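Here are the chains, one letter per residue:
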Amino acid sequence: MRTISSILQIPRCRIQPFSFLQSATLSEKSSQALTKTCPGSYSEPGSNRGTRSRSVSSRFTSIKFSDAEQMKILVTESRESKDLSGVYVMDLETTGLYERCKIIEFGGRNLLGGKNSCFETLVNPEQYVPNSHVHGITTNMVNQPYVPRMEDLIPILMQYTKNRQVPEGHALFIAHNGRRFDVPFLIKEFSRCDMDIPTNWLFLDTLPLAREYMKLYGPPSPKLSLQALREYFEIPSMGSSHRAMSDVNVLSSIFEKMICDMNLTITDLLERSFKASDLVITSKKNTKMT
């Protein structure tokens, strides 16, 4: 096995008090739009900004924000790139793999670092969780009033990225097998709330990136699952596998090692990215052909 020295051992996110949601508010225009499309999901009509912030922070106690250091390999380029405002490693856990299944956990980490750069929460699917044996998340854990539904979570998630965005900048989300799993699930959940994924959100799938890497450095028939890559790169276990934040931390370390060895720049990553609309268009074309 080839051992690679990392230029930065990325620490796990450290959970901090609920300071982000205590100060986070949407613009009046955005709040009205979200209240219209997702009734009751973020604020009560007529409430003021302070009330919205306090109600969100006190109601959904499953949401946790934490701090993390910046990935050093991105420091120079992130300052030079005016079109990129965040590089978020994300992971989802769901009730299954089918159309009717829903998200039950979300984890995200901005590799540019800083205060509240990590975000994790359980998500209430308002349905039975049949696959607890996979991730350990039970129906009783998520079907609780202090766990946000997806319609509650979407405006909070948008605010999480919005607070870090430069004007007209893009947010890059990184997920393993994201093209076939994470992003389609996000599209479905946004659609259920009559919303579209923001057009300035870009996505990078690390599965094809891992294939590229293994063609250059790996064995003839490598295993490309997240846990197989963790073992290949000799990354210590970071908690239970198939839990969102644990997988986010593992993928962050894997991602760093791959782009460091492959000498990939921010520009290279953006060229490999796609938009949610690309998957929607592809899906429509496939449906017409069948």
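Just so you know, these numbers come straight off a predicted model, no measurement behind them. Positions within a chain are numbered from 1, following the residues in the order the chain's sequence is written. Two thresholds apply to this predicted model, a pLDDT of at least 70 for residue-level local features and 80 or more for giving and counting side-chain atom pairs, whereas whole-chain, interface and lining totals are computed over all residues. Each side-chain value is worked out from all heavy atoms of the structure, with water and hydrogens disregarded.

Draft legend 1. Here's a closer look at the confidence of the model for the protein chain. pLDDT expresses, on a scale from 0 to 100, how confident the predictor is about each individual residue. Scored by pLDDT, the protein chain has a mean of 79; 71% of the residues are at 70 or more. Long-range and interchain partners of residues 1-11, a stretch whose pLDDT sits below 50, account for 29 contacts in this model, where long-range means more than four residues apart. Two residues qualify as a contact provided that any one of their heavy atoms is within 4.5 Å of a heavy atom in the partner residue. Ignoring residues within four places in sequence, the model shows residues 14-54, a span with pLDDT below 50, making 76 contacts including any to other chains.

Draft legend 2. Highlighting helix α8 (residues 182-192). For each residue, the accessible area found with a 1.4 Å probe, counting protein chains only, is set against the maximum for its type, and the residue is called buried under 20%, exposed over 50%, and partly exposed in between. The helix count covers DSSP runs of H or I at least four residues long, the strand count covers runs of E at least two residues long, and both are numbered beginning at the N terminus. Across the 11 residues of α8, eight count as buried, placing the element largely inside the fold. Of all the positions in α8, only Asp 182, Val 183, Phe 185, Leu 186, Ile 187, Lys 188, Glu 189 and Phe 190 are classed as buried. A positive backbone phi angle near 60° is found at Asp 194, which sits one or two residues after α8.

Draft legend 3. Expanded view of the packing of helix α7 (residues 150-162) against α8. Structural elements are reduced to axes, namely lines fitted to C-alpha atoms, with helices fitted over the stretch in contact, and the angle between N-to-C directions of any two is expressed from 0 to 180 degrees. Orientation of α7 relative to α8, taken along the N-to-C sense of each, is 110°, at an axis distance of 9 Å. Overall, the two elements α7 and α8 adopt an arrangement that is roughly perpendicular. Between α7 and α8 lies a crossing of left-handed hand. Contacts from Met 150, Ile 154 and Met 158 of α7 reach α8 at Leu 186, Glu 189 and Phe 190. Side-chain classes follow a simple rule in which Ala, Val, Leu, Ile, Met, Phe, Trp, Tyr, Cys and Pro form the nonpolar group, Asp, Glu, Lys and Arg form the charged group, and the remainder, Gly included, forms the polar group. Broken down by class, the residue content of the contact of α7 with α8 amounts to five nonpolar, no polar and one charged. Should an angle fall under 35 degrees it is taken as roughly parallel, and over 145 as roughly antiparallel, whereas 65 to 115 is taken as roughly perpendicular and any remaining angle as oblique. Two helices cross in a left-handed way if the nearer one is turned anticlockwise from the farther one by less than a right angle. They cross in a right-handed way if the turn is clockwise.

Draft legend 4. Representation of the nonpolar core. Formed by 36 residues in total, the largest nonpolar core has its most connected members in Leu 172, Ile 174, Phe 233, Ile 254, Phe 255, Met 258 and Leu 269. Counting residues per element, the ones that place at least two in this core are β3 (84-94), β6 (170-175), β7 (201-205), α9 (206-217), α10 (226-232), α11 (244-261) and α12 (266-271). Not counting chain neighbours up to four residues away, the residues in contact with Leu 172 comprise Leu 84, Gly 86, Val 87, Tyr 88, Leu 202, Phe 203, Leu 204, Leu 269, Leu 270 and Ser 273. Within the second largest apolar cluster, 34 residues are counted, among which are Ile 103, Phe 185, Ile 187 and Ala 276. For our purposes a nonpolar core is just a set of buried Ala, Val, Leu, Ile, Met, Phe, Trp, Tyr and Cys residues, chained together by side-chain atoms within 4.5 Å.

Draft legend 5. Just the pairing of β3, in detail. Among the 11 residues that make up β3, 11 are buried, leaving the element largely enclosed by the rest of the structure. Summarising the sheet, β3 and β6 pair through five bridges and their orientation is parallel. Note that in β6 the partner of Val 87 across the bridge is Leu 172. Pairing between two strands requires that DSSP report at least two bridges joining them. Relative to strand β4 (residues 103-110), β3 runs antiparallel, the two sharing seven bridges. In the sheet register, Glu 93 faces β4, and the bridge partner there is Glu 105.

Draft legend 6. Geometry of the side chain of Lys 188. Mapping Lys 188 onto the fold places it in helix α8. Although Lys 188 lies buried, it forms no salt bridge, and the closest oppositely charged side chain, Glu 99, sits 4.3 Å away as judged by the N-O distance. Polar contacts, as counted here, are pairs of nitrogen or oxygen atoms within 3.5 Å of one another; within protein the pair requires one atom able to donate a hydrogen and one able to accept it, and residues that are adjacent in sequence qualify only if both atoms are side-chain atoms. Reaching out from Lys 188, the side chain makes a polar contact with the backbone oxygen of Tyr 98 at a distance of 3.3 Å. When sequence neighbours within four positions are dropped, the list of residues in contact with Lys 188 reads Tyr 98, Glu 99 and Cys 101. Positive charge is attributed to Lys and Arg, negative charge to Asp and Glu, and no charge count is given to His or to the chain ends. One side-chain nitrogen of Lys or Arg within 4 Å of one carboxyl oxygen of Asp or Glu is enough to make a salt bridge.

Draft legend 7. Fine view of α7. Between its terminal C-alpha atoms α7 stretches 18 Å, which fits the 18 Å expected from 13 residues at 1.5 Å a residue. Burial analysis of α7 places 10 of its 13 residues in the buried class, the great majority of the element. Where α7 is concerned, the buried positions are Met 150, Asp 152, Leu 153, Ile 154, Pro 155, Ile 156, Leu 157, Gln 159, Tyr 160 and Thr 161. Helix span is expected to be 1.5 Å times the residue number reduced by one.

Draft legend 8. Spotlight on the packing of aromatic side chains. Put simply, two rings from Phe, Tyr or Trp (the six-membered ring, in Trp's case) pair if the centres are within 6.5 Å, and we call them stacked under 30 degrees between planes, edge-to-face over 60, tilted for the rest. Enumeration over the complete set of coordinates arrives at 14 aromatic pairs. When the ring of Phe 173 is compared with that of Trp 201, the centres are 4.7 Å apart and the planes differ by 45°; the resulting orientation is tilted. Pair noted here: Phe 173 is in strand β6 and Trp 201 is in strand β7, with a separation of 28 residues, a long-range link. Given the relative accessible area of 2%, Trp 201 is considered buried. An angle of 85° between the planes, with centres 5.0 Å apart, marks the rings of Tyr 232 and Phe 233 as edge-to-face. Overall, Phe 233 belongs to the buried group, its relative accessible area being 5%. Following the ring pairs from residue to residue traces out a cluster consisting of Phe 65, Tyr 88, Phe 106, Phe 119, Tyr 160, Phe 173, Phe 190, Trp 201, Phe 203 and Phe 274. Over a ring means this: the NZ of a Lys or the CZ of an Arg is within 6 Å of the ring centre and within 35 degrees of the ring normal. The ring centre of Phe 274 lies 4.1 Å from the NZ or CZ of Arg 179, which sits over that ring. Sitting over the face of the ring of Phe 185, Lys 188 holds its NZ or CZ atom 4.1 Å from the ring centroid.

Draft legend 9. Focus on the environment of Ala 210. As for its placement among the helices and strands, Ala 210 is situated in helix α9. The class of Ala 210 is buried, set by a relative accessible area of 0%. A C-alpha to C-alpha distance of 8.4 Å links Ala 210 and Leu 229, two positions 19 residues apart in sequence. Beyond its immediate chain neighbours, meaning those up to four positions away, Ala 210 contacts Leu 224, Leu 229 and Met 258.

Draft legend 10. Structural context of unusual backbone geometry. A positive phi is found at Glu 126, a non-glycine position, where the angle reads about 55°. As for its position among the elements, Glu 126 is in the loop between β5 (114-122) and α5 (132-135). Even without being glycine, Asn 263 reaches a positive phi, approximately 55°. Summarising the element assignment, Asn 263 is placed in the loop between α11 and α12.

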